[in-house]
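The primary structure of each chain is shown beneath.
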Amino acid sequence: MQTVAQILHALQAGEISSREITADVLARIERLDPQVHAFLTVTPEAALQAAAEADRQRLAARRAGQTPPPLLGLPLAVKDVLSTRGIRTTCGSRILDNYIPPFDATAVQRLKAAGAIIVGKTNTDEFAMGSSTENSAYGVTHNPWDLERVPGGSSGGSAAAVAARMVPVALGTDTGGSVRQPASFCGVTGLKPTYGRISRYGLIAYGSSLDTVGVLTQTAEDAALFLHLMAGQDPLDATSMDVPRPPQRLEGREDLRGLKIGVPREYFTEGIQPAVARAVHAALDVMADLGAAIEETSLPHTEYAVPVYYLIATAEASANLARFDGIRYGPRAQAEQMWDVFFRTRGQYFGPEVKRRIMLGTYALSAGYYDAYYGQAQKVRTLIKRDFEEAFEQVDLIAAPVAPTTAFRIGQHSGDPLSMYLEDVFTLPANLSGVPGVSFPVGFDDLGLPIGMQLMGPHFQETRLLHAAHIYQQATDWHRHQPDLLAGD
Amino acid sequence: MEIEPVIGLEIHAELNTKSKMFCACPVVDSTTAEPNTAVCPVCAAMPGALPVVNKEAVAKGTKVALALGCTINRVSIFARKNYFYPDLPKGYQISQYELPLAEHGAITIRTAAGERRIRVRRVHLEEDTGKLTHVRTESGEEYSLVDLNRAGVPLLEIVSEPDMRSVEEAKAYAMAIRQIVRYLGVNSGDMEKGVIRFEANVSVRWKGSDALNTRTEIKNLNSFRALEQAVTQEIARQSELLRRGEPVVQQTMGWDDARGVTVPQRSKEEAHDYRYFPEPDLPPLEVPPEWVEELRAALPELPYARFRRFQEQYGLTAYAAEVLTAERAVADYYEAAVEAAAPAVPAQTVANWVTGELFGLMNQAGVDIAAVKVSPQALADLLRRIAGGEINNNTGKSVLAEMFASGKSAAEIIAEKGLKQVSDEAAIQGWVEEVLAAHPKELETYLKGKEGVANFLFGQVMRLARGQANPKVVRQVLMRNLQERRKSLDAG
């Protein structure tokens, strides 16, 4: 599977048709997905029809001497927490088992307007609550690099689909690392933009003050294009910001000279897998060779990120998930009394992790506990934000591992939610502070599992970090490695 | 010892904006619209939908807050109030909690006991819920239907301090708030459509004490009558407990309008924990001071100020000023008529005609001032004609009735029906002679000294003139004729 840039080039040059590339994507899904299970829903008929229409449109544009929309005819997968009009959207939950949204998420709508074709919806931890896709009500997704291992999560389906080269690009969402961590586990590039950069309208909310729409691709260059197309204020999302859209292309820089990259000492703790630390340091050496100045920096409140996140995200989730009551959509449990309809519906159709987080969040907001939990968490969140502001007064970018380990075995953390929560320690701060982050492959461990590194930047400086990742990818080939699963391809 | 009630009111007033509080759905009359026709993904709480604040609702809410003398908070915060109910699609209501739109106001109310200031603690914006209809079929099957047309309609909550000391004051305060929102044109005041609802907090104490004793909250008060009855009952109940030395239990009660009684709903232990927290989907609401000043400058004269001015400027009684300022449209009508009628017709005369004749006609026809076909200028024109002697007062009343019915001008009606008052002495002399000729006996009686007969003769002339003769001139001409006859009799 080629990159987005390559496919678009071939489509524009007339070397390939949208029908061909879409048929190829569908064939790969059919061949590989029984092993990987990245997809919850595939829409071959609609996709092929849209591809035929895209080919006609491209021909018509060419005849009329017009420029076709930038993504015309490009197949795309979408995480199943993003609303897609007319296509089942489950959030990996039984409570939305047959829910078909009447509208597109703004991010999806913008990509469709740019000509992209949705081929299917990807697996996710239920309501994006998890770091492995094991919390999906529809079965775990398998890491294409080792089918016994998790792909990360919660955008594990999207990361696996791109890693297994079933699609050139997939949308994800990142509330606490849900794009960057699976990107790291699956050896692909994952962008979490600044909070407020891309509209959240149609993103089925988990933690509203943390949720972002992100994208998983093979290259930073491809991620930049998608960011460009999805970014921009949306009248339907009051938290989307009115800032200029980042450019479509990463241009004007040959190396990393003049760029100061800070490495926070709090991110290289004892729990980190040696291979991960080694790979990140090696990548930093490459960046130094490319002209970047590497220096140590500090984000002193990092250790509080896990408790702060699990109070704020769950508090918000406890309210966000209240609408799933069986009254207006989704399955409804039968009962004599109204309250029993609510309680049984929610009891039967929410999975255990979702229930755990709703209870945690409800507790954190309860009278008598609010100040000690939610209130306190908000105060510490402010300190974490300030850490970043202060660090970015000294450095242009912050480089860090994405996760303490490479992909773990399916079931390794089940039965111990806390050990799973601790997996998120390096990705949560970016969500709590709202800054952008990009994760990209920088090596492999002894088992051949991919290792990712993340760059974080000041608010709305996605282009700076994507550009640095792009320069790195020009100088290395970690992002071109493919899992053995694809050996025959 | 005497017992005194301590009453506070929470008033919910819908704002008549074009669209809902957080989405583009139109605000429709939820008592008549086809159920679930003004509904979208946002107000139906479809997964992934997000709220966006309606600026018109903020403007209207701010106007009310200013009219109540509140300080507008430059930044206020929306919060989620969490509870489950089938008429609440999101499972939380977006409201305001720690930082409301406005605080610290007060209004003047009037009761038989005099005027009092009642403080307004806070005014905040929120969204209304949907409506449930409970159905029981003939076969006994029971279920509920959900209508989300009203879900998300902007709602202003106005919370008073516990400053009211009688049922009369509570009612006067509630009516004053209704009057203000109607003056501002932000709410129709139509109680039957549920666009204004009340909740009362009631406690009692020995008069002279300043203790704030345990209170109960009464919900679901949808009319002034319900408010009056429920609060009266609750004061009586608590007073009885106080006299017996028994404690009042803090609880929430509901008013059962059909049975006319309050029903206990929840005790303090069962009270909801709404788990308020700042709404992450909405940034803090900023109301810039310049905007507030713009809105303040555009405020109309408010009912109480107008009530005072009408008495001072027009010399009206408190009663007349009260009726004429009860509704802004009536007050506007009155002032336009006064202006058009001046200087020939005094403002008090205009007030008498509006509150007497015009209100009478409106009551009979069952219409309000907006539907009246007689413009203030047309009424003034009629009153000027009466003052100028063109028609008399009684004819004027029938002309107004005709104007009210047909919308025609006074001039048209007077001309068509030949109602013009005759002041021409020659014509009147003719009628006088005719009457004197026709009543020789009465004339004789008069001439013999029975002065009272002149009135009978006067009546006969007026009758002959079909009421259109100028009574002043008729009397002059008649008396002159009678005196002449008497003189010639004396001479003869």
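Residues numbered from 1 in each chain as written. Chains lettered and ligands numbered in written order. Predicted model: local features only at pLDDT ≥ 70, side-chain atom pairs only at ≥ 80, totals over all residues. Heavy atoms only, no water.

A. A look at the overall build of chain B. Scanning chain B for helices and strands turns up 15 helices and 16 strands. For 492 residues, the compact-globule estimate of 2.2 N^0.38 gives 23 Å, and the C-alpha radius of gyration of chain B, at 32 Å, exceeds that figure by more than 25%. Summarising its shape, the C-alpha atoms of chain B cover approximately 110 × 60 × 55 Å along the three principal directions. Counting the 492 residues in chain B, one finds 50% classified as buried. Sequence separation of 24 or more characterises 70% of the internal contacts of chain B that already satisfy a separation of 6 or more. Accessible surface, chain B: about 23,000 Å² in total, of which carbon and sulfur atoms supply 50%. The averaged location of the 66 negative side-chain charges in chain B is 4 Å from the averaged location of its 59 positive side-chain charges. (Helix = DSSP H or I, 4+ residues; strand = E, 2+ residues; numbered from the N terminus. Rg over C-alpha atoms; globule rule 2.2 N^0.38 Å. Buried < 20%, exposed > 50% of the residue type's maximum accessible area, 1.4 Å probe, protein only. Contact = heavy atoms within 4.5 Å. Areas by Shrake-Rupley, 256 points an atom, 1.4 Å probe, with all protein chains shown as cover. Lys, Arg positive; Asp, Glu negative; His and termini not counted. Charge placed at Lys NZ, Arg CZ, Asp CG, Glu CD.)

B. Broad picture of the packing of aromatic side chains. Across all of its chains, the model carries 32 aromatic pairs over all chains by this definition. When the centroid spacing of 5.7 Å and the interplanar angle of 90° are considered together, the rings of phenylalanine 185 of chain A and phenylalanine 408 of chain A count as edge-to-face. In this pair, phenylalanine 185 of chain A is assigned in helix α6 (residues 180-186) and phenylalanine 408 of chain A in the loop between β9 (397-401) and α13 (417-422), connecting sequence segments 223 residues apart. Comparing phenylalanine 185 of chain A with phenylalanine 408 of chain A, the two get one shared label, buried. What links up through ring pairs into an aromatic cluster is the set Tyr99, Phe127, Phe324, Tyr329 and Phe350 of chain A. Looking at arginine 110 of chain B, its charged tip hangs above the ring of phenylalanine 307 of chain B, at a distance of 3.6 Å from the centre. For the cation-ring pair, arginine 475 of chain B lies above phenylalanine 458 of chain B, with the distance from its terminal atom to the ring centre recorded as 4.2 Å. (Phe/Tyr/Trp six-rings, centres within 6.5 Å; stacked < 30°, edge-to-face > 60°. Lys NZ or Arg CZ within 6 Å of the ring centre and 35° of its normal.)

C. Main features of the side chain of threonine 43 of chain A. Summarising the element assignment, threonine 43 of chain A is placed in the loop between β1 (39-42) and α3 (44-64). Residues in contact with threonine 43 of chain A, not counting those within four places in the same chain, are Ile87, Ile118, Val119 and Gly120 of chain A.

D. Region of the structure containing the interface of chain A and chain B. Between chain A and chain B, the contact holds 39 residues from the first and 31 residues from the second. Considering only the side of chain A, the residues that lose the most area to chain B are Ala238, Arg323 and Arg328 of chain A, jointly responsible for 20% of the buried surface there. If you look at where chain A meets chain B, you find one salt bridge. Across the pair arginine 200 of chain A and aspartate 281 of chain B runs a salt bridge, and its minimum N-O distance is 3.0 Å. The tally of links between chain A and chain B comes to eleven residue pairs in polar contact (both at pLDDT 80 or more). (Buried area = accessible area lost by both parts, 1.4 Å probe. Salt bridge = Lys/Arg side-chain N within 4 Å of Asp/Glu carboxyl O. Polar contact = N/O pair within 3.5 Å; in protein donor to acceptor, adjacent residues only side chain to side chain.)

E. Structural detail: the sheet that holds strand β5 (residues 189-192) of chain A. All names here are of chain A. Spatially, the eleven strands line up as an open sheet ordered β1-β3-β2-β4-β6-β5-β10-β11-β9-β7-β8, and their pairing is mixed. Each edge of the open sheet carries a strand with a single partner, namely β1 and β8 (293-297). In this sheet, neighbouring strand axes are inclined to one another by 30° on average, regardless of whether the strands run parallel or antiparallel. Relative to strand β6 (residues 212-217), β5 runs antiparallel, the two sharing three bridges. Residue pairing for β6: leucine 191 is matched across the bridge by valine 215. This element, helix α2 (residues 18-36), spans β1, β2 (75-79) and β3 (117-122) of the sheet and lies at about 15° to β3. α3 rests against β1 and β3 of the sheet, and its axis sits at about 155° to β3. (Pairing = 2+ DSSP bridges. Axes fitted to C-alpha atoms, helices over the stretch in contact; angles between N-to-C directions.)

F. Here's a closer look at the packing of helix α12 (residues 425-438) of chain B against helix α15 (residues 471-491) of chain B. Residues and elements named next belong to chain B. Contact geometry for α12 and α15: axes closest at 9 Å, N-to-C directions at 55°. Put simply, α12 runs oblique to α15. Crossing hand, α12 versus α15: right-handed. Contacts between α12 and α15 involve Glu425, Ile428, Gln429, Val432, Glu433 and Leu436 on the former and, on the latter, Val473, Val474, Gln476, Val477, Leu478, Arg480, Asn481, Leu482 and Arg485. (Parallel < 35°, antiparallel > 145°, perpendicular 65-115°, else oblique. Left-handed = near helix turned anticlockwise from the far one by under 90°.)

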